[in-house]
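Spelled out from the first residue to the last, the chains are:
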Amino acid sequence: MIRNRNVWILLTGEFIAGVGLWLGIIGNLEFMQEKIPSDFLKAVILAAGLLAGVAIGPLAGRITDQMKKKTVMLASGLVRSVSVVFMLIAIETGSVWWMVVFLVFIQMSAAFYFPALQAAIPLVVKEQQLLQLNGIHMNVSTLSRVLGTAIAGIFLTIMSLSMIYVLSLAAYALLFGVTWLLKIDEEQTKPLPEEAKKLNTGFKDVFPIIKGLPIVLMTLVLTLIPLLFIGGFNLMVINISEIQDSASIKGWIYTAEGLSFMAGAFYIKKLGDKFSPYAILFTFSFIIGISQFLLYFADIPFMTILAFIVFGFSVGCFFPTAATIFQTRVPKEFHGRFFSFRNMLDRLIFQVVLLLTGFLLDMIGLQLMVVVFGVLSFGMTYVFYVKFRQLKSGNSLSNTPGGDIA
């Protein structure tokens, strides 16, 4: 895999894009802190972009299965670059509405890019290398987030907000150039004429596939637990900063969570050799609930950092495992639509959690809210585990391609 040119291109592109993305996210938070006092209103604005991504999801999935993955990634990269212009207009005019336009376009771009990327990964390495590559890919993504947030924090003190977005635009343009270098043989996965007709059916052919693969369905449901934390992540970081009256804590939180995520994604290969995917998913779902309870002590900097370290390591192990299950168990001809459906599901959950987080922060505050979320995480983990035991005892997991891996 070290000698695989496409792997290096994908990882380099992910790093460049991640730095640009997090420069923009920190810029978004700064802009909203200046213009919008209400946490709930911040959540509504962020949800507007996510809603656009959900709305275009079915089209994105169908196009990803019909077209070459590289072409879809290039087109979405171009739209992402153009979207930054709208944010520059928002800063110049002080208009929140232009920021909404920016969020809509960048989320629509992501609705195409990420399913295409997830569908491209299994085409560039062997199946037995997927777990390792998913872990490395997520580590690169997290490293870019750590550096991106750190760089943004430094640059905000020495340059204007507009320049932050100019740097973000430069990163997206560089990603576009790197993506051109990809060479993926997609002819081997090209559908037969009768199969190609099915690619116009959207999601309706994906649902029976999901239903017929219990491990895929269970993994989809389990991803609700980390998303319960991630959906309101940025709002919680802002709120913690206000509770502790510290601007620097934001950088420490992102850095601590990012580094621990990388440790988890690095260690997951060893865990994957010793434990089943289900054992990994259930264990770290439970630990994610613990990390939420730790945030009850959000007024104490040490406990805050500890909570995000625990969370980061947990999702660093959780997400590569889930991604590998999806890439290996779902037939490749359905990858575009499946990953688009998953992307839509994630965005829909993000919207609900984002709005719920903003509402609860305004109504009951951070510390009571994380107790509610922790109870929900524990409750869902228990319910899903009981369901898993029922499925396993009935041997209904053994119909997954490749045998029973539970």
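Model, not experiment: these values are computed from the prediction.

Q: I'd like a description of helix α1 (residues 5-35), backed by residues and values.
A: In this model α1 runs 45 Å from its N-terminal to its C-terminal C-alpha over 31 residues, within 8% of the 45 Å that 1.5 Å per residue would give. By the criterion of burial, α1 is predominantly enclosed, with 22 of the 31 residues buried.

Q: Describe the environment of A43, listing the residues and the values that go with them.
A: Positionally, A43 belongs in helix α2 (residues 39-55). Taking the relative accessible area as the measure of exposure, A43 reaches 0% and is therefore buried. For A43 and L356, which are 313 residues apart along the polypeptide, the C-alpha to C-alpha distance reads 8.5 Å. Not counting residues up to four positions away in its chain, the partners in contact with A43 are L235, L354, L355 and G358.

Q: I'd like a description of the environment of K183, backed by residues and values.
A: By secondary structure assignment, the location of K183 is in the loop between α7 (161-179) and α8 (193-198). For K183 and N6, which are 177 residues apart along the polypeptide, the C-alpha to C-alpha distance reads 6.7 Å. Other than its neighbours up to four places away in sequence, K183 contacts R5 and N6.

Q: Give a detailed account of empty space enclosed by the protein, specifying residues and quantitative values.
A: Rolled over the atoms, a probe with the dimensions of a water molecule shows which regions are left empty. Taken as a whole and judged by the stated rule, the model has three cavities of 30 Å³ or more. Here the largest cavity is characterised by a volume of approximately 1700 Å³. Here the element with the most residues in the lining of the largest cavity is helix α5 (residues 96-124); it accounts for 10 residues. Within the lining of the largest cavity, the residues separate by chemical class into 29 nonpolar, 13 polar and seven charged. For the second largest cavity, the calculated volume is near 40 Å³. Surrounding the second largest cavity, I9, L10, G13, M73, Y113, L175, V178, T179 and L182 form its lining. Mapped onto the lining of the second largest cavity, the elements with two or more residues apiece are α1 and α7. Residues that form the lining of the second largest cavity fall into these classes: seven nonpolar, two polar and no charged.

Q: Tell me about helix α15 (residues 301-329), and name the residues and values.
A: Here α15 is 29 residues long and its end C-alpha atoms lie 42 Å apart, about the 42 Å a rise of 1.5 Å per residue gives. Burial runs high along α15: 22 of the 29 residues are buried.

Q: How would you explain the packing of helix α10 (residues 214-222) against α15 if you had to name every residue and give the values?
A: Two elements in contact, α10 and α15, have axes separated by 10 Å at closest approach and are oriented at 150 degrees. By the angle class used here, α10 and α15 are roughly antiparallel. Considering only the axes of α10 and α15, their crossing is left-handed. Only F318, A322, I325, F326 and R329 of α15 make contact with α10, whose side of the interface consists of I215, V216, T219, L220 and L222. Its residues assigned to classes, the contact of α10 with α15 comprises eight nonpolar, one polar and one charged.

Q: Please set out the packing of aromatic side chains residue by residue, giving values where relevant.
A: One pass over the full model with this rule turns up 16 aromatic pairs. Pairing F229 with F311 gives two aromatic rings, centres 3.9 Å apart and planes at 15 degrees, and the pair type is stacked. Taken together, the positions of F229 in helix α11 (residues 224-230) and F311 in helix α15 put the pair 82 residues apart, joining distant regions of the chain. What makes F311 buried here is its relative accessible area of 1%. Grouping aromatic residues by their ring pairs yields a cluster made of F229, F233, F308 and F311. Directly above the aromatic system of Y113 lies the positively charged group of R80, at a separation of 4.7 Å from the ring centroid.

Q: Now, about the confidence of the model for the protein: what can you tell me, with residues and values included?
A: Averaged over every residue, the pLDDT of the protein is 78; residues scoring 70 or more account for 88%. Taken element by element, the protein is modelled with least confidence in α8, mean pLDDT 47, and with most confidence in helix α14 (residues 277-294), mean pLDDT 88. The low-confidence segment residues 191-200 (pLDDT under 50) makes 11 contacts with residues lying over four places distant or belonging to another chain.

Q: An account of the side chain of R80 is needed here, citing residue identities and associated values.
A: Mapped onto the elements, R80 comes out in helix α4 (residues 69-93). Accessibility expressed as a relative area gives 5% for R80, which makes it buried. Contacts of R80, omitting those with residues within four sequence positions, involve A17, I106, S109, Y113, Y172 and L175.

Q: Give me the packing of α10 against α14: which residues, what numbers.
A: Where α10 meets α14, the closest approach of the two axes is 11 Å, and the angle between their N-to-C directions is 15 degrees. In terms of their interaxial angle, α10 and α14 are classed as roughly parallel. Between α10 and α14 the crossing geometry is left-handed. Two secondary-structure elements touch here, α10 through P214, I215, M218, T219 and L222 and α14 through Y278, L281, F282 and S285. By residue class, the composition of the contact of α10 with α14 is seven nonpolar, two polar and no charged.

Procedures and definitions
Residues numbered from 1 in each chain as written. Predicted model: local features only at pLDDT ≥ 70, side-chain atom pairs only at ≥ 80, totals over all residues. Heavy atoms only, no water. Helix = DSSP H or I, 4+ residues; strand = E, 2+ residues; numbered from the N terminus. Expected span 1.5 Å × (residues − 1). Buried < 20%, exposed > 50% of the residue type's maximum accessible area, 1.4 Å probe, protein only. Contact = heavy atoms within 4.5 Å. 1 Å grid on protein atoms, 1.4 Å probe; cavity = no way out; pocket = protein on both sides within 12 Å on 5 of 7 lines; lining within 4 Å. Points joined across faces, edges and corners; volume = space filled by probe spheres on them. Nonpolar A, V, L, I, M, F, W, Y, C, P; charged D, E, K, R; others polar. Axes fitted to C-alpha atoms, helices over the stretch in contact; angles between N-to-C directions. Parallel < 35°, antiparallel > 145°, perpendicular 65-115°, else oblique. Left-handed = near helix turned anticlockwise from the far one by under 90°. Phe/Tyr/Trp six-rings, centres within 6.5 Å; stacked < 30°, edge-to-face > 60°. Lys NZ or Arg CZ within 6 Å of the ring centre and 35° of its normal. pLDDT = per-residue confidence, 0-100.

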